[in-house]
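Letter by letter, the chains look like this.
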Amino acid sequence: MRLRGIALRQDFFLHYGRQLGTLAGLLGLMVVLWALTPHFLTISNLLNVAEQATIIAIIAVGMTFVIITAGIDLSVGSVLAFSGVVMASALHQGVFLPLGLAAGLGTGLLCGLVNGLLITVGRLPPFIATLGMMSVARGTALMFTEGRPISGFSEGFRSMATGELLRVPTPVVIMVAVYVVAHFVLKRTKLGRYTYAIGGNEEAALLSGISVRSYKTIVYGLAGMLSGLAAILLTARLNSAQPIAGMMYELDAIAATVIGGTSLMGGEGTVVGTLIGALIMAVLRNGLNLLGVSSFIQQVVIGSVIILAVLIDMALKRRGR
Amino acid sequence: MKKDLIGVLLVILSITLMSCQRGSEQADGGPRIALVLKTANNPFFIDMQKGAEEAAKKLGVNLIVQAAEREVDVEKQMQIIENLIQARVAALCITPSGSREVVPAIDKANRAGIPVVIVDTRVDPKTLSEAKARIASFIGSDNYEGGKLAGEFIAKRLNGKGKVAVLEGIPGHETGDSRLKGFREALKATPGIEIVASQTANWERDQGFNVFQNILQSHPDVGALFACSDLMALGAVEAIAAANKTGQIVVVGFDALPEAREDVQKGTMDATVAQFSAQMGAQAVENAYRLIKGEQVKEEVVVPIKLITKETLNSSEENK
């Protein structure tokens with residue numbers, strides 16, 4: 001343990017430097033947008049961007065944990081849709097609000113745990129297990145609703161998206177809370193340390209007595225539950241739960257994670273980096289909308305930024321070694 | 001490391017500047033009106049955009065056209081609308097990706113004092129009134145009537161007897177739902193006709209191919225197909241060709257896309273319901289412009305709808 005502690009400390013500057021790099025990218029982007037349009041750097045627009053980042057940012061927290069274990073979760077978007085429609089129909093049945101929310105979170109957790117068990121007990125590659133879940137969860141959501149959205153909720157529920165705390169939109173407050181907790185878990189708890197250890201070298205983790213199976217399952221469960229949380233916020237935001245919601249959100253979440261410096265090979269990454277990654281994507285989309293850039297060019301720009309971010313990350317890593 | 005960072009910033013800067021140039025190349029000075037499409041890669045909406053751009057040029061309007069990457073992504077559409085509100089456009093024209101889901105975004109525009117013109121897809125009136133949101137004007141075609149025209153045409157072609165399959169759009173989209181309702185209503189008059197399969201192909205061409213291929217497997221004796229959009233119909237036409245059944249199945253689409261017109265001319269499709277989306281786009285910009293000027297506009301503008309068959313294609317030029 002002590003040895004690994006030292007190794008981690010040596011890595012610290014590397015991590016720190018890379019996060020600074022991503023942060024500098026975000027700030028640079030903001031400076032450019034500030035120079036180009038008067039509508040970008042206003043408090044209302046910045047809050048608007050933060051709110052738009054929440055859904056992907058929250059899913060990306062789970063994705064970060066999963067990717068640090070050297071796994072991948074392709075099912076988060078579908079699980080979001082499934083959790084959303086389960087919660088929505090519970091609320092429409094007149095279930096007590098907290099219970100309805102629990103149904104949403106629980107559905108997500110359950111799907112995530114199934115992913116985890118398929119990977120650990122079933123020994124399926126994460127790509128395959130979650131690819132299957134992606135289709136199963138989506139199909140179940142469509143069956144469950146007969147393809148139709150479930151809409152119209154109480155003011156109380158909708159305040160999850162429309163409310164404000166000291167002028168900050170509730171979803172942003174929730175997102176920040178999730179990141180604070182996730183950062184603490186990743187850096188200060190056994191679960192966090194084991195997550196890195198499993199991703200760094202699964203064999204070694206196993207030999208040093210870590211119950212790799214349980215911790216991996218927990219990590220996938222966590223990712224599922226966070227999709228459930230994102231489903232609550234998305235449903236409140238649109239006042240509607242759609243079985244086709246969240247399509248391809250997994251790709252946005254992976255992009256945010258990777259831009260934030262988490263390695264797809266596992267073993268390294270931070271949630272702070274992921275938050276910056278999610279914000280970069282949201283700021284980019286916002287800025288391109290403000291400037292009235294055609295939606296086709298937007299896709300080219302976003303894709304280029306993802307590639308660039310990872311290129312730089314790899315260059316930094318090579319120099320660090 | 002510093003070098004890298006500067007490199008990235010320069011690249012991002014140049015990309016953004018480049019694209020910004022594109023964005024501002026339209027006429028400056030005039031009021032800024034935004035048109036938010038469901039998607040920018042469907043011929044129907046491309047025509048709408050063209051119509052809107054022409055009208056904008058005439059009126060001296062600075063038109064911004066935006067669309068989400070995926071047609072079904074209502075959340076992205078909401079983000080685009082929020083961002084345009086932040087950019088303080090003078091008016092918003094929206095083709096809703098979801099009849100209900102668009103309402104919170106309309107509400108936000110209302111609060112910012114930006115008039116909203118809805119195009120093509122109707123907003124769910126109940127959700128709208130519950131949210132106390134308002135739209136200034138709706139521009140669209142009578143999809144119900146269009147579905148009915150298609151139903152009557154198929155009933156006539158089958159001589160009142162036979163099996164019919166339907167390719168639906170994305171469930172919950174008002175346009176597709178209305179077309180379907182009109183179609184079913186028309187067939188009620190002819191009890192000899194039975195709808196044996198009615199499945200969604202999500203407005204997409206490749207899904208139209210796959211779904212109809214499957215329908216042909218389970219109902220090889222199907223006599224006619226009504227697809228709620230031409231893209232799905234064109235996919236189905238390929239499936240029919242692959243099954244060597246070209247000419248044996250009456251195919252009716254919706255939207256009268258250029259490719260569908262060609263197929264009607266060739267005889268691989270029998271009819272398509274024409275909606276004049278360019279006209280819708282132009283009308284939307286015009287109404288938005290008049291709203292900015294403080295003038296009154298009609299609450300609802302119905303753009304005519306028309307059944308295009310080989311006969312109408314040959315008899316007149318006005319269908320172009």
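Relevant structure appears above.
Every value quoted in this text rests on a predicted model; they were computed, and no experiment measured them.

### Concerning the pairing of strand 5 (residues 137-141) of chain B
Residues and elements named next belong to chain B. Within strand 5, five of the five residues are buried, leaving the element largely enclosed by the surrounding structure. Along strand 5, one buried face is formed by Ser137, Ile139 and Ser141 and the opposite face, lined by Phe138 and Gly140, is buried too. Sheet analysis places strand 4 (residues 116-119) next to strand 5, joined by three bridges and oriented parallel. When the sheet's bridge partners are listed, Ile118 is paired in strand 5 with Phe138. For the crossover from strand 4 across helix 5 (residues 125-130) to strand 5, the handedness is right-handed. For strand 5 and strand 11 (residues 300-303), the ladder comprises four bridges, and the chain directions are parallel. From the neighbouring strand, Phe138 faces strand 11, where its bridge partner is Glu300.

### Looking at the environment of B:Ala34
Residues and elements named next belong to chain B. By secondary structure assignment, the location of Ala34 is in strand 1 (residues 32-37). Note on Ala34: 26 C-beta atoms within 10 Å, which makes it buried. Each C-alpha atom, one on Ala34 and one on Leu63, is 5.7 Å from the other, the two residues being 29 residues apart in sequence. The contact partners of Ala34, leaving out residues within four places of it in the chain, are Ile64, Gln66, Leu84, Val89, Leu92 and Cys93.

### Here we look at the nonpolar core
Counting residues in hydrophobic clusters, the biggest one holds 209 residues, and the most contacted among them are A:Ile59, B:Ile33, B:Leu92, B:Cys93, B:Ala236 and B:Val285. Per-domain counts for this core show at least three residues from each of domain 1 (28-141 + 277-303) and domain 2 (143-275 + 309-315) of chain B. Apart from the residues lying within four places of it in its own chain, the contact partners of A:Ile59 are A:Val76, A:Leu80, A:Leu226, A:Ser227, A:Ala230, A:Tyr249 and A:Ala253.

### Here's the deal with helix 3 (residues 76-92) of chain A
Residue and element names in this part refer to chain A. The end-to-end C-alpha distance of helix 3, which contains 17 residues, comes to 24 Å, matching closely the 24 Å that a straight helix rising 1.5 Å per residue would cover. Judged by how many residues are buried, helix 3 sits mostly within the fold: 14 of 17 residues are covered. Of the residues trailing helix 3, Gly94 is marked for its positive phi of about 85°.

### Comments concerning the interface of chain A and chain B
On the chain B side, the residues contacting the 48 residues of chain A number 43 residues. With eleven residues, helix 13 (residues 295-320) of chain A is the single largest residue contributor to the side of chain A that touches chain B. For the side of chain A that touches chain B, the class distribution of residues is 23 nonpolar, 22 polar and three charged.

### Some thoughts on the sheet that holds strand 5 of chain B
All names here are of chain B. Judged by pairing direction, the sheet is parallel, and its six strands sit side by side in the order 2-1-3-4-5-11 without closing on themselves. Single-partner strands in this sheet number two, and they are strand 2 (62-67) and strand 11. Neighbour-to-neighbour, the strand axes of the sheet open up by a mean angle of 15°, direction not taken into account. Its contacts with the sheet place helix 2 (residues 43-59) against strand 1 and strand 2, and it is angled at close to 170° to strand 1.

### Some remarks on unusual backbone geometry
Residue and element names in this part refer to chain A. At Arg123, a position not held by glycine, the phi torsion is positive, near 60°. Tracing the backbone through its elements, the reader meets Arg123 in the loop between helix 4 (97-120) and helix 5 (126-145). Phi is positive for Glu146, which is not a glycine, with a value near 55°. Accessibility expressed as a C-beta count within 10 Å gives 8 for Glu146, which makes it exposed.

### A closer look at the pairing of strand 1 of chain B
Across a regular strand the side chains alternate sides, sitting on one face of the sheet and then on the other. Residue and element names in this part refer to chain B. A large share of strand 1 lies buried, amounting to five of its six residues. Relative to strand 2, strand 1 runs parallel, the two being bridged by six bridges. Along strand 2, the bridge assignment pairs Ile33 with Leu63. Handedness of the crossover joining strand 1 and strand 2 through helix 2: right-handed. Bridge count for strand 1 against strand 3 (residues 91-94) is four bridges, and the pairing is parallel. From the neighbouring strand, Leu35 faces strand 3, where its bridge partner is Cys93.

Criteria and thresholds
Residues numbered from 1 in each chain as written. Chains lettered and ligands numbered in written order. Predicted model: local features only at pLDDT ≥ 70, side-chain atom pairs only at ≥ 80, totals over all residues. Buried ≥ 20, exposed ≤ 12 C-beta atoms within 10 Å, placed from the backbone. Helix = DSSP H or I, 4+ residues; strand = E, 2+ residues; numbered from the N terminus. Pairing = 2+ DSSP bridges. Right-handed = clockwise from strand over helix to strand, strands pointing away. Contact = placed C-beta atoms within 7 Å. Core = buried A, V, L, I, M, F, W, Y, C linked by C-beta atoms within 7 Å. Domains from an automatic or database assignment. Expected span 1.5 Å × (residues − 1). Nonpolar A, V, L, I, M, F, W, Y, C, P; charged D, E, K, R; others polar. Axes fitted to C-alpha atoms, helices over the stretch in contact; angles between N-to-C directions.

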